[in-house]
Each structure stands twice: as C-alpha cells, then as structure tokens.
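Chain by chain, the residues run as shown.
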Amino acid sequence: MRAIVMREFGGPDVLRLADVPDPGPRTGHARVDVTLAGINYADVHVRGNTYLAPVDLPYIPGNEVVGTVDGGRRVVGLTRGGGYAERALVHRRVTWDIPDGISDAQAVALVLQGNSAWHLLFTVLRITEGETVVVPAAAGGLGSLAVQLATRAGAKVIGLAGSEEKRELARELGAHAVVDSAGDDLTERILEAAGGPVRTALEMTGGTTFAQTLAAVAPRGRLAVYGYASGEMANVPTRYLMERSLTVSGFWLPQLYTDRTALPTSMRALFDAVAAGSLTPLTGAAYALDQAAQAHHDLAARTPTGKLMIDVAR
C-alpha cells in the first residue's frame, strides 16, 4: 500500500510517499480502507519529535481516519499513528459508524478535534451558561467547533484569530467578540473585548501567548491547555496561581481512549448536533497523499481555515 513514511525527524520534507506492507492483524483492531486522514498540530509535533508520546522511526503519522470496513461500512476512528496511508488499524473501542447524512469530511473533523473541543469545554473547564471563554485559533479545526459548542451552551465567546478573514468567520460562528491573536498586548485586547477578566480560557500556543492569556483570567478562573503550537513550553509560578486561586489544567485526548464512556458520550453528542444543524464542522483543504509535506507547510503558516485532511484516493 501507499503511505507517508517518516524515516527522520525534521521539517515537512521528511514526509515522503513510499510503498509499505499492509498493516497486519492485531487483537481488538479493525483494518480500515482509508478514504480521508485528518491533519492537525499533533502531527507537526510528531514530525519534529516534540510529541507527548515517544515515536519510533520509521513512522507513518496520522491519528484520525475515515474509511470503510467489512466491505463498505463507513467508520471514523482514532489511531496512534498510521493514518496517512491507504489502510490503517483502528481499535474497535475508538471506532464509530458514521450516521447517514454526515459526510466523511464532517466525520474526520469531529473525531479528534471535535471530541477534544467537547471535553475541553464540558469536562475540563466545565463551562456554564453566562461565563466568558477565550477560544484560540477560532477559525481552525478545533477552535471553530469550540466556538459553536460554547455559544450553544450559553457562554460568551472571545475568539482569537490571526487575520480579519478568520476573525469574521469566528463572528459568523457565534463569537461574541474577536481579537487579533498577534502582538504583545493580547491581555489588554482580551480584557477590552470581554469587558474585564474572563472566567475560562483555552490555550494551545504556549510561550508568551500562554502568559498573556492566563493574565486575562479572573481570580478563581480556569484555563485549559491542549497544545504548544509555537514550540515554546510555558512555566507558571506557583505563587502566581495561589495568589489568584487559578486552575490550570492540561488535556490530551489519548488519555480518554481506554475510558468506556467518555468518547462514546461526546461522539454521540457531536453527531446529534451536526444532524440537528446546531453544529457545522468547517471542512478545509483536502490534499493528495503525496502532498502531505505541502499540507504541513500550510498548517505551519496558519493560512488555512477549517479542518485539513488528506484525500487518500487522490
């Protein structure tokens, strides 16, 4: 089969198309004929050897796939690598049938980033009606879903985005206000847009953006961290947290893979919301398998909106 294989860590150019053997059988897993593979920042960290879990080379990246099993049944599932390929193994516990009326592109947008957005908001931050929440990359794959989910729950969303086009999209999705995510005065701009300190915030950039976002959180507020796209880790002085009674929580979706109820609950809620028309996954550019390096270039440049994916059949 064809697959994207990393034989070294580095820039996007380490993503090379190769012919490799089909994945062998594994207990508890189904072999999926892949139609779409999702692309996200976790893949960038894998490529640069900064991922939370160790990666052994050679390696096929990709943690989310849509495809068919058993002669044509459409499924979407989460993997621990192996997604950028014509066939992949997916554990049955993190594989779901795709309901009629939901497209393959919508499903691949929901399975990793949708589940992450849902649990960040409702099991980590536990947002409530009337609270204000900051959502970074508000026009991106996860951010666009978080804006909609939080708005539907009655929260006041302050969306962060790096271009006017993306800020306008965040407004259309329901953000109460939008803020340019670039610059050294991010804290002040969040406070101005929110009318004061916020109760909750999401953070995925790291470095100074983390510090500026945390500074906009009110005493006894909560911040959930789910990435460090800048490549810079952040350190939080214990005294600062204590003085402001702040809660800073980390989140990594694979910690829920063995939970028998967490992901089935969120996946069902996401499918139902899309079917009801109250949630619209933003499907972005689709790349051919041999364009994986270009997809990573585009993702790093933060130019696309919505969910990026690889169309394996192209």
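Right above here is the structure, for reference.
All of the points below concern the structure found in this document. (Residues numbered from 1 in each chain as written. Predicted model: local features only at pLDDT ≥ 70, side-chain atom pairs only at ≥ 80, totals over all residues. Heavy atoms only, no water.)

**Thoughts on the environment of Ala234**
Along the polypeptide, Ala234 turns up in the loop between β12 (217-225) and α7 (238-244). Take Ala234: its relative accessible area is 32%, and that puts it in the partly exposed class. As a C-alpha pair, Ala234 and Gly207 span 27 residues in sequence and 5.2 Å in three-dimensional space. Not counting residues up to four positions away in its chain, the partners in contact with Ala234 are Gly207 and Phe210. (Helix = DSSP H or I, 4+ residues; strand = E, 2+ residues; numbered from the N terminus. Buried < 20%, exposed > 50% of the residue type's maximum accessible area, 1.4 Å probe, protein only. Contact = heavy atoms within 4.5 Å.)

**Considerations on the nonpolar core**
Within the largest apolar cluster, 53 residues are counted, with the highest numbers of intra-cluster contacts made by Leu78 and Trp96. Counting residues per element, the ones that place at least two in this core are β5 (73-78), α2 (104-124), β8 (132-135), α3 (141-152), α4 (164-173) and α8 (262-276). The element contributing the most residues to this core is α2, with ten residues. In this structure Trp96 touches Arg74, Val75, Val76, Leu78, Val111, Leu263, Pro264, Met267 and Phe271, once residues within four positions along its chain are discounted. Residues Val14, Val34, Ile60 and Ile310 belong to the second largest nonpolar core, which totals 34 residues. (Core = buried A, V, L, I, M, F, W, Y, C linked by side-chain atoms within 4.5 Å.)

**Describing the side chain of Gln113**
Along the chain, Gln113 falls in helix α2. Leaving out residues up to four positions away in the same chain, Gln113 has contacts with Asn40, Glu64, Gly141, Leu142, Leu145 and Lys307.

**Comments concerning the packing of α2 against α3**
Viewed as axis vectors pointing N to C, α2 and α3 meet at an angle of 45 degrees, and their least axial separation amounts to 9 Å. With respect to α3, the element α2 is oriented oblique. Once α2 is placed against α3, the crossing between them reads as right-handed. For the pair formed by α2 and α3, the contact residues are Ala109, Leu110, Gln113, Gly114, Ser116, Ala117, Trp118, Leu120, Leu121 and Phe122 on the first element and Gly141, Leu142, Leu145, Ala146, Leu149 and Ala150 on the second. In terms of residue class, the contact of α2 with α3 is built from twelve nonpolar, four polar and no charged. (Axes fitted to C-alpha atoms, helices over the stretch in contact; angles between N-to-C directions. Parallel < 35°, antiparallel > 145°, perpendicular 65-115°, else oblique. Left-handed = near helix turned anticlockwise from the far one by under 90°. Nonpolar A, V, L, I, M, F, W, Y, C, P; charged D, E, K, R; others polar.)

**Focus: the packing of aromatic side chains**
The final tally for this structure, using the stated rule, is two aromatic pairs. Ring plane angle 75 degrees and centroid distance 5.8 Å describe the contact between Tyr51 and Trp252, whose orientation is recorded as edge-to-face. Taken together, the residues span a long stretch of sequence, with Tyr51 in the loop between α1 (41-47) and β4 (64-69) and Trp252 in the loop between β13 (247-250) and α8 at a distance of 201 residues. Between the aromatic rings of Trp118 and Phe122, the centroid separation amounts to 5.3 Å while the plane-to-plane angle is 65 degrees, which identifies the pairing as edge-to-face. Placement of both Trp118 and Phe122 in helix α2 is noted, with a separation of four residues, approximately one turn of the helix. For Phe122, a relative accessible area of 23% gives the class partly exposed. (Phe/Tyr/Trp six-rings, centres within 6.5 Å; stacked < 30°, edge-to-face > 60°.)

**Regarding the layout of surface pockets**
Put simply, the second largest pocket is a space of about 490 Å³. If you trace the second largest pocket, you find 22 residues lining it, with Arg26, His29, Arg80, Gly81 and Leu89 closest to the centre. If you tally residues by element for the lining of the second largest pocket, the top one is strand β6 (residues 87-91), at four residues. Per-class residue counts for the lining of the second largest pocket are ten nonpolar, seven polar and five charged. (1 Å grid on protein atoms, 1.4 Å probe; cavity = no way out; pocket = protein on both sides within 12 Å on 5 of 7 lines; lining within 4 Å. Points joined across faces, edges and corners; volume = space filled by probe spheres on them.)

**Observations regarding the sheet that holds β8**
The sheet built from six strands is open, its strands ordered β10-β9-β8-β11-β12-β13 with parallel pairing. Across the chains shown, the open sheet's two edge strands, defined by having one partner strand only, are β10 (177-180) and β13. Taking each pair of neighbouring strands and ignoring which way they run, the sheet shows an average axis angle of 20 degrees. In this sheet, strand β11 (residues 198-203) lies alongside β8 in parallel orientation, the contact comprising two bridges. Across the sheet, the residue bridging to Val134 is Ala201, located in β11. This element, α3, spans β8, β9 (156-161) and β11 of the sheet and lies at about 170 degrees to β8. (Pairing = 2+ DSSP bridges.)

**Looking at the pattern of salt bridges**
As enumerated under the stated definition, the model contains 15 salt bridges in all. Linking Asp97 and Arg73 is a salt bridge whose minimum nitrogen-to-oxygen distance equals 2.7 Å. Highlighted residues: Asp97 in strand β7 (residues 95-97) and Arg73 in strand β5, separated in sequence by 24 residues. Among the ionic pairs, Asp104 bridges to Arg74, the shortest N-O distance being 2.7 Å. (Salt bridge = Lys/Arg side-chain N within 4 Å of Asp/Glu carboxyl O.)

**A few points about the packing of α2 against α8**
Two elements in contact, α2 and α8, have axes separated by 9 Å at closest approach and are oriented at 120 degrees. Our classification of the angle between α2 and α8 gives oblique. Crossing of α2 against α8: the hand is right-handed. Facing α2, whose interface residues are Gln106, Leu110, Val111, Gly114, Asn115, Trp118 and His119, α8 presents Ala262, Leu263, Thr265, Ser266, Met267, Ala269, Leu270, Phe271 and Val274. Residue composition of the contact of α2 with α8, grouped by class: ten nonpolar, six polar and no charged.

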